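# Architecture and fold: a report
As a plain string of letters, each chain reads:
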Amino acid sequence: MNVKQRTIKLPVSVSGTGLHTGEKVTMTFNPAPENHGYKFRRVDVEGQPVIDADVDNVTDTSRGTTISQNGASVSTVEHVLAALVGLEIDNVLIDLDGPETPIMDGSAIEFVNALTGGGFVEQDADREYYHITHNIHYTEAERKVEMVAMPLDDYRFTCMVDYNSDVLGSQHASISTINEFTKEIASCRTFCFLHELEMLLKHNLIKGGDLNNAIVVVDKQVDEEELAHLAKLFNRKDIKVAPQGILNNIELRHQNEPARHKLLDMIGDLALVGVPLKGHIMAARPGHAANIAFGKKIKALIKKERSKKHLKVYDPNMKPHYDTVQIMDILPHRQPFLMVDKILELTKTHVVGLKNVTMNEDLFMGHFPGAPLFPGVLQIEAMAQTGGILVLNTVPDPENYITLFLKIENARFKDKVTPGDTIIFRCDLVAPIRRGIAQMKGVGMVGERVVVEAELMAQIVKTKNKD
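About the criteria used
- Residues numbered from 1 in each chain as written.
- Predicted model: local features only at pLDDT ≥ 70, side-chain atom pairs only at ≥ 80, totals over all residues.
- Heavy atoms only, no water.
- Helix = DSSP H or I, 4+ residues; strand = E, 2+ residues; numbered from the N terminus.
- Rg over C-alpha atoms; globule rule 2.2 N^0.38 Å.
- Buried < 20%, exposed > 50% of the residue type's maximum accessible area, 1.4 Å probe, protein only.
- Contact = heavy atoms within 4.5 Å.
- Lys, Arg positive; Asp, Glu negative; His and termini not counted.
- Charge placed at Lys NZ, Arg CZ, Asp CG, Glu CD.
- Salt bridge = Lys/Arg side-chain N within 4 Å of Asp/Glu carboxyl O.
- Disulfide = S-S within 2.5 Å.
- Polar contact = N/O pair within 3.5 Å; in protein donor to acceptor, adjacent residues only side chain to side chain.
- Pairing = 2+ DSSP bridges.
- Axes fitted to C-alpha atoms, helices over the stretch in contact; angles between N-to-C directions.
- Expected span 1.5 Å × (residues − 1).

Tallying secondary structure elements over the protein gives nine helices and 24 strands in all. What you see for the protein is a C-alpha radius of gyration of 29 Å, clearly larger than the 23 Å of a compact globule of 467 residues, by over 25%. Dimensions of the protein, computed from C-alpha atoms along their principal axes, come out at roughly 100 × 50 × 45 Å. Of all 467 residues assigned to the protein, the portion counted as buried reaches 51%. Taking all contacts inside the protein whose residues are at least 6 apart in sequence as the whole, residues at least 24 apart take part in 70%. A gap of 3 Å separates the mean positions of the 52 positive and 61 negative side-chain charges of the protein.

What follows is the structure, given as C-alpha cells:
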C-alpha cells in the first residue's frame, strides 16, 4: 500500500531566541504543495531568498548545522527538521525573520506541539522512500566515529555516545520506528560540558543561552566562586552541581537524555538527504560534521541509482519508428558515415536510435585491428545523428533542412564498445527549441551499461526551398 505525502493544514508560528545570536526570531511553518520538500525562507532579507534543506547546502557544522543558498543562511536547523521527520511531514515552507531558528527549550518538542496543533493534510502524491539496499558505512578514525545504514523496511535508529567522561560515561539510545520519535526523542534537550560552556561564554558565542535550554555536564572540579559567577551570568540566585553530575538548572527527562538528543540531531541532519529513508541507522559517537558527511554519501548513492532508473532499457528488436531507408529520407548522411540504423522511439522531446557495430565496417581495418574498438568520436557522431532526427522532426519538410552541431560538452566515455555490440542512444531536449537552437542530453547504452554520455547543442539550417 502506497503512503501519501502530507503537509500541515494551517500556518503555525513559534517565537524564541537564537542560541548563538541571541536574536529574537519568529518562525512560521506554512503548508506547501506536493514534492516541495523542506525549504526555509528568510523574510527579513531583501528578496526573501529561499534556502533548500539540502545536504549540499550545508556550510557550517561547528555549533549546529547551518545551510546557505541564494546569499542567505539559516543556522541550527537540525531540531526543526527532526520534528518534521518525526511527524512524517513531507512538504513545508518555513518563514524565518532572523538568521537562526529559535532554540526554545533545546529540544524539538515545542516544534512538534505547534505542528501537531495545526493539524495535517494528506496530499495526492505518493511518498517516495529511498530504501537502503545494502550496508553503507562511514568512519572517522581520529574521532572514533562509526556510522552504518542497513536495509530495513522501516526507519530505525541506534546511537551510542562516549565522551571519556566519568559523569556522562557511555550512553545508548534507540527507537525501533520513527513513530516513537514524539514520545521518546522529541523532548530531549541539547547538552554541553561545563568547560565548553565557559569557552562559549568567553567568546560571546551563546548570546541566547539561559540555562533553561541545555543540560550542562560538570566534567571538572568546580568551586563555589565559579558557580556564583555562572549564576550571575544567567541571572539565577544560585547554581549547584546535582548528584547526577550536571548543573541543577534542570531535571533530566531521561537518564540517557544526552544520547537521545544525539539521536535527535542525527534524524534532523539526515533529513537534509532530501528524501524519506527506509533503513536502520546505527552510529557511534556521531556529530553534525559526521552526520552531514554520511548524509552526502547516502545522497550520492540515491542520485546514482535514480539516474540508472531513468535509463530505460530498450529492446533492439522492437518494431522501429523509422528504418534505415526512412532515416535516409531525413538525414543527408550516407554510408559509410550514416551511423543510425533504426529509430525506435520518437516524441516531441526525445528520440531513441540504434547503431549496430559490426566487424565488417571499414574503420576496423585501421582502428586497433588486433583489438577492435568503436571510436568514441564516432559514438558522439552517432548520438548527434540520433539527436538530429529529433530536431528535424520539429520542422515541416525535414528533407529541406540539416542540423549543424554547435557545441559538445561534458562528453564522457564510460565503457568500451566492440564489434557485435548494439548501442542504443537516447537524446532528450533539456529546453524548448528557440530560434532554431536545440539543447539535448544524450546517453548511449549497450544493454544496461552506459557507455557514453554528452550534452549537445545544434542549429537547424535550411538547405533548399521546397520544390
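The full count for this structure, using the stated rule, is 18 salt bridges. A salt bridge links D54 to K299; the nearest nitrogen and oxygen atoms lie 2.8 Å apart. Here D54, found in the loop between β5 (50-52) and β6 (58-60), pairs with K299, found in helix α7 (residues 288-309); they are 245 residues apart in sequence, far enough to count as distant. Both residues of the pair, D54 and K299, count as buried. E88 is paired through a salt bridge with R127; the nearest N and O atoms lie 3.4 Å apart. Remark: R127 occurs in the loop between β10 (120-126) and β11 (130-131) and E88 occurs in the loop between α1 (78-86) and β9 (92-96); sequence separation between them is 39 residues. Among the residues examined, E88 registers a relative accessible area of 26% and is labelled partly exposed.

Looking now at the state of the cysteines. Tallying each qualifying case throughout the model produces zero disulfides. C159 provides the cysteine sulfur closest to C188, a residue in no disulfide bond, and the two sulfurs are 11 Å apart. By relative accessible area, which is 0% here, C188 ends up buried.

Within the fold, T17 resides in strand β2 (residues 12-17). The class for T17 is buried, based on a relative accessible area of 17%. Only 3.3 Å separates the side chain of T17 from the side chain of K24, close enough to count as a polar contact.

One open sheet holds the three strands; their spatial order is β6-β7-β8, and the pairing between them is antiparallel. Across the chains shown, the open sheet's two edge strands, defined by having one partner strand only, are β6 and β8 (72-74). When strand polarity is set aside, the average angle formed by the axes of neighbouring strands in this sheet is 40 degrees.

Relative to the 20 Å expected for 14 residues at 1.5 Å per residue, helix α6 (residues 257-270) spans 20 Å between its end C-alpha atoms, a close match to the ideal helical length. Buried residues dominate α6, accounting for 14 of its 14 residues.

Restricting attention to buried positions, one finds in helix α2 (residues 109-118) the residues I109, F111, V112, A114, L115 and G118. Immediately downstream of α2, the backbone of G119 shows phi near 85 degrees, a positive value.

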